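# Fold and contact review
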There are 6 protein chains.
Amino acid sequence: MTAPDINSPEEQARYRRGSDVLNAVDGGAAPGVMASLADIAPALAHHIVAFGFGDLYSRPALEPRQRQLVTLGILTSLGGCEPQLEVHVRTSLNVGLTPAEIVEAFIHAAGYAGFPRAINAISVAKKVFAERDLLPVEET
Amino acid sequence: MTAPDINSPEEQARYRRGSDVLNAVDGGAAPGVMASLADIAPALAHHIVAFGFGDLYSRPALEPRQRQLVTLGILTSLGGCEPQLEVHVRTSLNVGLTPAEIVEAFIHAAGYAGFPRAINAISVAKKVFAERDLLPVEET
Amino acid sequence: MTAPDINSPEEQARYRRGSDVLNAVDGGAAPGVMASLADIAPALAHHIVAFGFGDLYSRPALEPRQRQLVTLGILTSLGGCEPQLEVHVRTSLNVGLTPAEIVEAFIHAAGYAGFPRAINAISVAKKVFAERDLLPVEET
Amino acid sequence: MTAPDINSPEEQARYRRGSDVLNAVDGGAAPGVMASLADIAPALAHHIVAFGFGDLYSRPALEPRQRQLVTLGILTSLGGCEPQLEVHVRTSLNVGLTPAEIVEAFIHAAGYAGFPRAINAISVAKKVFAERDLLPVEET
Amino acid sequence: MTAPDINSPEEQARYRRGSDVLNAVDGGAAPGVMASLADIAPALAHHIVAFGFGDLYSRPALEPRQRQLVTLGILTSLGGCEPQLEVHVRTSLNVGLTPAEIVEAFIHAAGYAGFPRAINAISVAKKVFAERDLLPVEET
Amino acid sequence: MTAPDINSPEEQARYRRGSDVLNAVDGGAAPGVMASLADIAPALAHHIVAFGFGDLYSRPALEPRQRQLVTLGILTSLGGCEPQLEVHVRTSLNVGLTPAEIVEAFIHAAGYAGFPRAINAISVAKKVFAERDLLPVEET
């Protein structure tokens with residue numbers, strides 16, 4: 001059994017493809033996460049980009065706004081993923097979901113995952129929206 | 001403390017509003033669940049319709065296809081919700097998500113909730129798609 | 001599909017009923033949560049009160065102390081719900097559960113949800129009990 | 001490091017104490033589980049009885065009906081614990097919770113853990129209640 | 001954004017590397033899962049092999065028996081992953097974990113994830129062990 | 001029903017056995033947790049030691065490094081157990097798992113529980129490794 005060398009030309013090509021996708025959607029939200037992995041688990045950072053973005057996120061069957069709705073649903077119901085939810089609230093804004101749509105995904109989640117998970121997700125969104133001067137959110 | 005009488009005119013009006021939403025989106029997938037609650041928890045059936053559909057699902061900030069994407073993400077990552085996932089795969093088809101989009105939501109979930117949750121959700125979709133003669137799913 | 005106007009007389013009546021229940025049980029623990037939702041998801045705050053307290057909590061089949069035991073069990077095992085657990089430790093005290101009963105619910109949870117979830121819940125209780133000068137808890 | 005011999009007099013005494021508690025509350029619901037562990041993990045069966053019932057359940061700070069409410073909350077929100085939930089619906093009836101109280105615990109859980117978990121728990125209760133001719137459940 | 005063509009030479013090479021790892025450890029337990037994905041999500045099957053086994057499982061920092069211990073811990077505590085747990089009990093036997101070690105991982109999990117998750121995992125192991133005539137398991 | 005007196009000679013003997021195991025593996029990481037329980041749930045602290053370490057951890061079927069791999073898998077996938085994960089990263093180092101093995105358990109978890117859980121676990125490890133001057137971790 002041998003694992004791929006993440007510095008090989010083939011893996012670097014995979015990384016670049018993933019990196020292009022990531023840059024197209026996240027508007028600079030993710031680099032902090034990636035940098036924090038550099039001295040402890042660089043291979044995980046590589047695979048998040050190469051597999052998560054290059055292989056999965058790049059697939060055309062769902063467009064980025066749709067993927068973000070799925071992601072917001074997942075991260076809300078998993079619980080304990082506030083750091084990732086913060087990244088994905090930023091990404092959601094960046095790909096064009098409105099603040100009202102993001103909040104609505106969390107309100108919707110209340111019915112399926114309960115009020116506590118919904119409240120925790122909205123707390124994360126509130127922090128991001130406050131930084132970007134997006135409060136108050138106008139309900140439709 | 002008194003709870004509302006679910007047979008009062010006000011609650012029946014709320015129920016009808018929710019029922020209209022439910023009928024508009026689920027294409028007949030939910031009645032079995034509601035009927036099964038009738039002799040044990042009719043108030044829960046009432047609230048699923050009046051609150052879940054009348055109060056939450058009816059909100060215009062997300063359209064039904066978007067809500068279904070959030071729902072598929074939630075139910076996949078919660079785990080152990082195969083019966084609800086089956087209902088929502090049917091509802092997703094009914095509101096216009098394609099089989100490829102539904103499957104893609106589950107593939108996307110693999111990165112955030114792991115392969116086992118994704119595989120379990122796809123098993124549910126496969127059962128529904130087989131009944132409706134929607135296999136094989138053409139990947140985009 | 002139209003969602004109810006949360007400012008309509010009917011919804012305001014539902015809200016008042018829920019608010020009466022909430023005030024009767026929480027002893028002032030919840031307003032902070034509700035206020036924090038005001039500029040981002042006022043409809044969620046409305047539904048937590050109108051549905052969560054007005055429709056569910058108000059039901060007479062369980063009295064408040066019994067509901068709090070169920071709630072403590074749920075929040076402990078969900079994990080990642082420390083903010084909600086803090087509110088509900090306060091509510092539990094307010095409706096008459098003793099510190100020893102609250103702690104016992106968490107010790108009991110160790111067998112069903114494992115030691116880590118139990119320890120996390122007890123950490124939350126400890127914070128609340130310390131503020132109220134309820135430590136040490138006398139074991140029965 | 002040496003583990004205790006579960007057949008030692010000390011451990012057998014612990015087991016008997018737990019077994020007395022178990023027999024007092026479960027009305028014969030648990031032996032099937034214990035028997036199924038005999039040829040694969042007898043130590044786990046021992047510890048469930050000696051620790052779970054002898055050490056935890058026996059504690060006087062909560063009475064059995066209260067413990068069952070906590071347990072129903074935990075098992076509902078964990079998800080995927082239908083076999084254990086079935087045992088504990090039986091135990092709950094045996095210690096004196098009414099069918100309406102058991103159902104109410106699950107309806108209450110809808111607000112904190114979402115409708116799917118509540119529906120799954122009620123499905124388990126329905127099976128047990130049907131076997132005992134306890135349907136329909138009269139709502140209070 | 002373009003996703004990789006899973007039939008390209010580069011991806012087929014990645015697939016073969018993963019497939020070699022999978023064949024080396026699973027002893028034929030996984031093909032059923034892979035085949036079931038062929039007409040609905042072939043890309044997911046590709047990525048489970050290419051990424052899950054080729055990129056992750058192949059890494060030398062843990063040997064297969066160690067990876068299986070981590071995997072058994074994860075699947076037990078996630079809950080609702082009985083089909084995957086069955087595959088991984090077989091894989092665990094195949095890479096050299098003894099029945100007693102596998103059972104011990106589940107008993108150990110009782111302390112961290114609670115008795116219900118441990119019991120459910122042991123039920124899966126019992127089914128596999130029965131098929132392979134490995135019962136009773138001799139406790140060490 | 002009577003619970004055991006945790007100060008009885010029998011229980012103190014059980015506690016000492018567990019304490020010996022705990023001291024042998026944790027290298028001083030756990031006392032803080034135990035001390036924090038002293039004024040609120042001393043019985044839980046007793047049972048964590050007497051049952052968790054004396055009855056479970058002491059069993060010879062898995063050696064400490066193996067148990068830690070199972071534990072790291074469990075705590076990663078449960079989510080929201082960062083305090084316990086921190087204790088167990090320290091314990092893992094203490095029983096002889098290398099930093100690279102600990103990190104690898106978390107990278108491995110990405111495939112089964114998703115990237116967010118893996119990243120959260122690695123963040124905890126990074127904090128512990130930084131304190132012990134173990135960064136950067138050399139990947140094998």
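Residues numbered from 1 in each chain as written. Chains lettered and ligands numbered in written order. Predicted model: local features only at pLDDT ≥ 70, side-chain atom pairs only at ≥ 80, totals over all residues. Heavy atoms only, no water.

Right, let's talk about the overall build of chain A for a bit. Assigned secondary structure in chain A consists of 7 helices and 0 strands. Going from the N terminus to the C terminus, chain A shows its helices and strands as α-α-α-α-α-α-α. In chain A, which comprises 140 residues, the proportion classed as buried is 66%. Within chain A, counting contacts between residues at least 6 apart in sequence, those at least 24 apart form 66% of the total. Summed over all atoms, the accessible surface of chain A reaches about 4,500 Å², with 53% contributed by carbon and sulfur. (Helix = DSSP H or I, 4+ residues; strand = E, 2+ residues; numbered from the N terminus. Buried < 20%, exposed > 50% of the residue type's maximum accessible area, 1.4 Å probe, protein only. Contact = heavy atoms within 4.5 Å. Areas by Shrake-Rupley, 256 points an atom, 1.4 Å probe, with all protein chains shown as cover.)

On to the packing of helix α7 (residues 115–131) of chain C against helix α3 (residues 42–57) of chain F, then. Orientation of α7(C) relative to α3(F), taken along the N-to-C sense of each, is 165°, at an axis distance of 12 Å. Classed by the angle they form, the pair α7(C) and α3(F) counts as roughly antiparallel. Crossing of α7(C) over α3(F) shows left-handed handedness. When α7(C) is examined against α3(F), the residues F115(C), A118(C), I119(C) and I122(C) are found in contact with a partner set consisting of L44(F), H47(F), I48(F), F51(F) and G52(F). Looking at the contact of α7(C) with α3(F), its residues break down into 7 nonpolar, 2 polar and no charged. (Axes fitted to C-alpha atoms, helices over the stretch in contact; angles between N-to-C directions. Parallel < 35°, antiparallel > 145°, perpendicular 65-115°, else oblique. Left-handed = near helix turned anticlockwise from the far one by under 90°. Nonpolar A, V, L, I, M, F, W, Y, C, P; charged D, E, K, R; others polar.)

The next thing to look at is the interface of chain B and chain D. Contact with chain B, which involves 20 residues of that partner, is made by 17 residues of chain D. Taken over both partners, the interface formed by chain B and chain D buries close to 1,500 Å², and the fraction arising from carbon and sulfur atoms is 69%. Considering only the side of chain B, the residues that lose the most area to chain D are D39(B), I40(B) and L44(B), jointly responsible for 41% of the buried surface there. Put simply, chain B and chain D have 1 salt bridge between them. Among the ionic pairs, K126(D) bridges to D39(B), the shortest N-O distance being 3.1 Å. In this structure, the connection of chain B to chain D is made through 7 residue pairs in polar contact (both at pLDDT 80 or more). Of the residues forming the side of chain B that touches chain D, the biggest block, 7 residues, is contributed by helix α3 (residues 42–57) of chain B. (Buried area = accessible area lost by both parts, 1.4 Å probe. Salt bridge = Lys/Arg side-chain N within 4 Å of Asp/Glu carboxyl O. Polar contact = N/O pair within 3.5 Å; in protein donor to acceptor, adjacent residues only side chain to side chain.)

The next thing to look at is the packing of aromatic side chains. Counted under the stated rule, the structure contains 21 aromatic pairs over all chains. A ring pair is formed by F115(A) and F51(B), whose centres lie 6.2 Å apart and whose planes are at 55°; its orientation type is tilted. Separated into two different chains, F115(A) in helix α7 (residues 115–131) and F51(B) in helix α3 make up a pair that spans both. Taken together, the aromatic side chains of F51(A), F115(B), F51(E) and F115(F) make up a single cluster linked through ring pairs. Geometry around Y57(A) places R67(A) over its ring, the cationic atom sitting 5.7 Å from the centre. (Phe/Tyr/Trp six-rings, centres within 6.5 Å; stacked < 30°, edge-to-face > 60°. Lys NZ or Arg CZ within 6 Å of the ring centre and 35° of its normal.)

A few words now on the pattern of salt bridges. Applying the stated rule across the entire model yields 66 salt bridges over all chains. Ionic pairing is found between D55(D) and R14(D), a salt bridge with its closest N-O pair at 2.6 Å. With D55(D) in helix α3 (residues 42–57) and R14(D) in helix α1 (residues 9–26), the pair connects residues that are 41 residues apart, well separated along the chain. R90(E) serves as the salt-bridge partner of E86(E), at 2.6 Å between the closest nitrogen and oxygen. Of this pair, E86(E) and R90(E) both sit in helix α5 (residues 82–95), 4 residues apart, which is roughly one turn of the helix.

Right, let's talk about the relation of the copies chain A and chain B for a bit. The second copy of the chain is related to the first by a rotation about an axis and a shift along the axis. Superposition of chain A onto chain B requires a rotation of 180° combined with a translation of 0.0 Å along the rotation axis, giving an RMSD of 0.0 Å. As the rotation angle and translation indicate, the two copies are arranged about a two-fold axis. When you check the interface residues of chain A against chain B, 100% turn up at the interface there too, and the contact is symmetric in its surfaces. (Least-squares fit on C-alpha atoms with pLDDT ≥ 70 in both.)

Okay, the interface of chain A and chain B next. With 32 residues of chain A at the interface, the matching set in chain B holds 32 residues. Of the roughly 3,000 Å² buried where chain A meets chain B, counting both sides, 65% is carbon and sulfur surface. Of all residues in chain A, E104(A), H108(A) and Y112(A) give up the largest surface area on contact with chain B, accounting jointly for 22% of the area buried on that side. For the pair chain A and chain B, the interface holds 4 salt bridges.

Bringing the confidence of the model for chain A into the picture now. Keep in mind that low pLDDT regions are not for reading the predicted coordinates in detail. The predicted model of chain A has a mean per-residue pLDDT of 94, with 96% of residues at 70 or higher. Interface confidence for the predicted complex, given as ipTM, is 0.95, next to a pTM of 0.97. (pLDDT = per-residue confidence, 0-100.)

Let's shift gears to the nonpolar core. In this structure, L44(A), L44(B), L44(C), L44(D), L44(E) and L44(F) are the most contacted members of the largest nonpolar core, which totals 288 residues. When sequence neighbours within four positions are dropped, the list of residues in contact with L44(B) reads L37(B), I107(D), A110(D), F115(D), A118(D), I119(D) and I122(D). (Core = buried A, V, L, I, M, F, W, Y, C linked by side-chain atoms within 4.5 Å.)

The next point concerns unusual backbone geometry. In the segment running from L135(B) into P136(B), the intervening peptide bond is cis, with an omega of -5°. Residue position: P136(B) is located in the segment after α7 (115–131). Here D133(A), not a glycine, exhibits a phi torsion of approximately 55°, which is positive. Within the secondary structure layout, D133(A) lies in the segment after α7.

All right, on to empty space enclosed by the protein then. Following the criterion strictly, the structure yields 18 cavities of 30 Å³ or more and no others. Its volume calculated, the largest cavity comes out at about 390 Å³. Forming the boundary of the largest cavity are 24 residues, of which L78(A), L78(B), L78(C), L78(D) and R117(D) lie nearest the centre. Of all elements in the fold, only α4 (64–78) of chain A, α4 (64–78) of chain B, α4 (64–78) of chain C, α4 (64–78) of chain D, α4 (64–78) of chain E together with α4 (64–78) of chain F reach the threshold of two or more residues within the lining of the largest cavity. Taken together, the residues of the lining of the largest cavity sort by class into 12 nonpolar, 6 polar and 6 charged. (1 Å grid on protein atoms, 1.4 Å probe; cavity = no way out; pocket = protein on both sides within 12 Å on 5 of 7 lines; lining within 4 Å. Points joined across faces, edges and corners; volume = space filled by probe spheres on them.)

Moving on to the domain arrangement of chain A. Residue and element names in this part refer to chain A. You can read the domains of chain A as domain 1 (8–61) and domain 2 (63–133). In this structure, domain 1 and domain 2 have C-alpha centres spaced 21 Å apart. Counting residues at the interface gives 10 residues for domain 1 and 10 residues for domain 2. Summed over both partners, the interface of domain 1 with domain 2 buries about 790 Å², with 54% contributed by carbon and sulfur atoms. Run the count over domain 1 and domain 2 and you get 0 salt bridges. Along the contact surface separating domain 1 from domain 2 lie 5 residue pairs in polar contact (both at pLDDT 80 or more). (Domains from an automatic or database assignment.)

To continue, consider the environment of E138(C). Residues and elements named next belong to chain C. Residue placement: E138 occurs in the segment after α7. Classification of E138 as exposed rests on a relative accessible area of 61%. As a C-alpha pair, E138 and P99 span 39 residues in sequence and 8.4 Å in three-dimensional space.

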